[in-house]
Amino acid sequence: MAKELLLDDSIEWQGWEKNIFRFFGLYFLIQVLPLDLRFFKHLFVTEDWAFSYRNIFYLSKYSPNFIGQESFINWLIVAVLAGIGALIWSRIDKPTTDYNKLYYGIRVLVRYRLALGVIAYGFIKFFPLQAPLPSLSNLNTNYGDFTAWKLFSLGLGVVPNYQSFLGLVEIVGGLLLLHRKTATIGTLIILPFTGNVFVSNIAYEGGEYIYSFYLITLALFLFSYDALRLFTLVSLEKPTLPNKYQPVFQANWQKARWALKAVYILMFVVVYGAETYAAYKKGPYQFPAKQGLPHSEGIYNVSEFKVNSTPLPYSKTDSTRWQDVVFEKWNTLSIKSNRSVKLDLSNTEEIHPNDDDRTYELAGSQGRHYYSYEVDEKQHVLHLKNRNKHYANEALELHYSQPNDSTIVLSGINERRDSVYAVLHKINKKYLTFEAQKTGRRSGLKL
């Protein structure tokens, strides 16, 4: 067997290698270091004096932002800054500069930054929070009334076990990055996984394609360190020297290194994992937390409907006549009619602490109008407000009565300030998605 050693760390850095490293080293240093106040805002500003998984999640999503919004223009600015820095560095560089040590240091920073990004998303998938089970309103919306992104999210939401598996893959990949010897294996897991996320974000018109590509670039930078060695060994089947560079730390630095690593794991793995589990037990962060009208959850057929005392028969084309009404478990009521809906297209991954900002149930969906409501139990009145930001001034005030367990009668003022009267009868509806989960694919299923 021919013994051709193609890469040896003892070889001195060539001039062109130093130039490339100066640019990419500075580029990734700027990309991973917290340079603006957004990072520290999420680090120190908390709700109710409690540091929650929401803070850590937003820390994990940090990347430099120079123009006020997420854009590839920010990357161009980083590249320009790195280019200027590399030019200055080349002019003042000294022969004693240890590029092996600098390269190692940059890789450590990128490893831990990438690990934070994938672990943060891994836990909200492992405890299936990122894509929740569809709401009743979503289940009673026509398939063609959803955007591509909403269909993707709903599709992932109905298979929570698969979502947990995806999260486990991300967590394992991230944990492997925390050890130098397993970092390359971690990138081999993360690159195809994050690449699929990036393509999915483009294909389904999701809002996270820039961030997912950001994680890919970090993984590619790390993988490039061993890529040539792996290609030589696996594809060319030739012997290759392993990487033997390992920095030597003094005792004090070694203690500090282990302490920092322990704090990192405690905060971003142990605490964050426990917090996401607690959030999972509490309920999905996409839906409002406030409870709805007692004993009302379900879909209702509108058997009788009047506007200004004029009866309106059932119609699929009337924009005024309600067709059906859904009461969610939380304080959301949705109404289906032929009235057009201006889409809410907010489809970025956000964890809102306030119910008013949690618009997942209506985002990317038409065919229904969604209202949050406050219950006046003494007066038996529902104060409704349209949840869609395009109808922010739209409000209804409806008296309610529940003559029996399956009937709700609503009367009051609608969004046009006309008097409205509706009799709702609850439909005993089963959903194939959930019924099939109970029986399994090979068992008999009867709805």
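Report on the accompanying structure.

Thresholds, definitions, all that
Residues numbered from 1 in each chain as written. Predicted model: local features only at pLDDT ≥ 70, side-chain atom pairs only at ≥ 80, totals over all residues. Heavy atoms only, no water. Helix = DSSP H or I, 4+ residues; strand = E, 2+ residues; numbered from the N terminus. Contact = heavy atoms within 4.5 Å. Lys, Arg positive; Asp, Glu negative; His and termini not counted. Charge placed at Lys NZ, Arg CZ, Asp CG, Glu CD. 1 Å grid on protein atoms, 1.4 Å probe; cavity = no way out; pocket = protein on both sides within 12 Å on 5 of 7 lines; lining within 4 Å. Points joined across faces, edges and corners; volume = space filled by probe spheres on them. Nonpolar A, V, L, I, M, F, W, Y, C, P; charged D, E, K, R; others polar. Expected span 1.5 Å × (residues − 1). Buried < 20%, exposed > 50% of the residue type's maximum accessible area, 1.4 Å probe, protein only. Pairing = 2+ DSSP bridges.

### Topic: the overall build of the chain
Each helix and strand counted, the chain has 12 helices and nine strands in total. Structurally, the chain occupies a C-alpha span of about 90 × 50 × 40 Å along its principal axes. Sequence separation of 24 or more characterises 67% of the internal contacts of the chain that already satisfy a separation of 6 or more. Positive and negative charge centroids in the chain, built from 48 and 39 side chains respectively, lie 5 Å apart.

### Examining unusual backbone geometry
Although it is not a glycine, Glu237 sits at a positive phi angle of roughly 55°. Inspection of the secondary structure puts Glu237 in the loop between helix H10 (209–235) and helix H11 (251–282).

### Let's talk about empty space enclosed by the protein
Applying the stated rule across the entire model yields two cavities of 30 Å³ or more. Of the voids in this model, the largest cavity is the one considered here, and its volume is about 110 Å³. For the lining of the largest cavity, the class distribution of residues is six nonpolar, five polar and two charged. Roughly 50 Å³ of internal volume is contained in the second largest cavity. Surrounding the second largest cavity, Val341, Leu362, Ser365, Arg368, His369, Tyr370, Asn386 and Asn388 form its lining.

### Re helix H8 (residues 160–177)
Here H8 spans 26 Å end to end across 18 residues, near enough to the 26 Å set by a 1.5 Å rise per residue. Every buried residue belonging to H8 is among Gln163, Ser164, Leu166, Gly167, Glu170, Ile171, Gly173, Gly174 and Leu177, and all of these are buried. Buried positions along H8 lie against helix H5 (99–126), helix H7 (148–157), helix H9 (183–203) and H10.

### Some thoughts on the pairing of strand S4 (residues 332–336)
Moving residue by residue along a regular strand, the side chains alternate between the two faces of the sheet. Of all five residues in S4, five are buried, a share of seventy percent or more. Here S4 shows no split at all, with Thr332, Ser334 and Lys336 on one side and Leu333 and Ile335 on the other all buried. Taken together, the four bridges between strand S3 (residues 324–327) and S4 define a ladder with antiparallel strand orientation. Looking at the pairing, Val325 lines up with Ile335 of S4. Count of turn residues in the S3/S4 antiparallel hairpin: four residues. Relative to strand S5 (residues 368–376), S4 runs antiparallel, the two sharing five bridges. When the sheet's bridge partners are listed, Thr332 is paired in S5 with Ser372.

### Overview of the pairing of strand S7 (residues 395–404)
Across five bridges, the pairing between strand S6 (residues 381–386) and S7 is antiparallel. Residue pairing across strands places Lys385 opposite Ala395, the latter belonging to S7. Direction of pairing for S7 relative to strand S8 (residues 407–413): antiparallel, over a ladder of six bridges. When the bridges of S8 are listed, Tyr400 appears paired with Leu410.

### Looking at the side chain of Ser334
Within the secondary structure layout, Ser334 lies in strand S4. Classification of Ser334 by relative accessible area gives buried; the value is 0%. Other than its neighbours up to four places away in sequence, Ser334 contacts Ser137, Asp324, Val325, Val326, Arg368, His369 and Tyr370.

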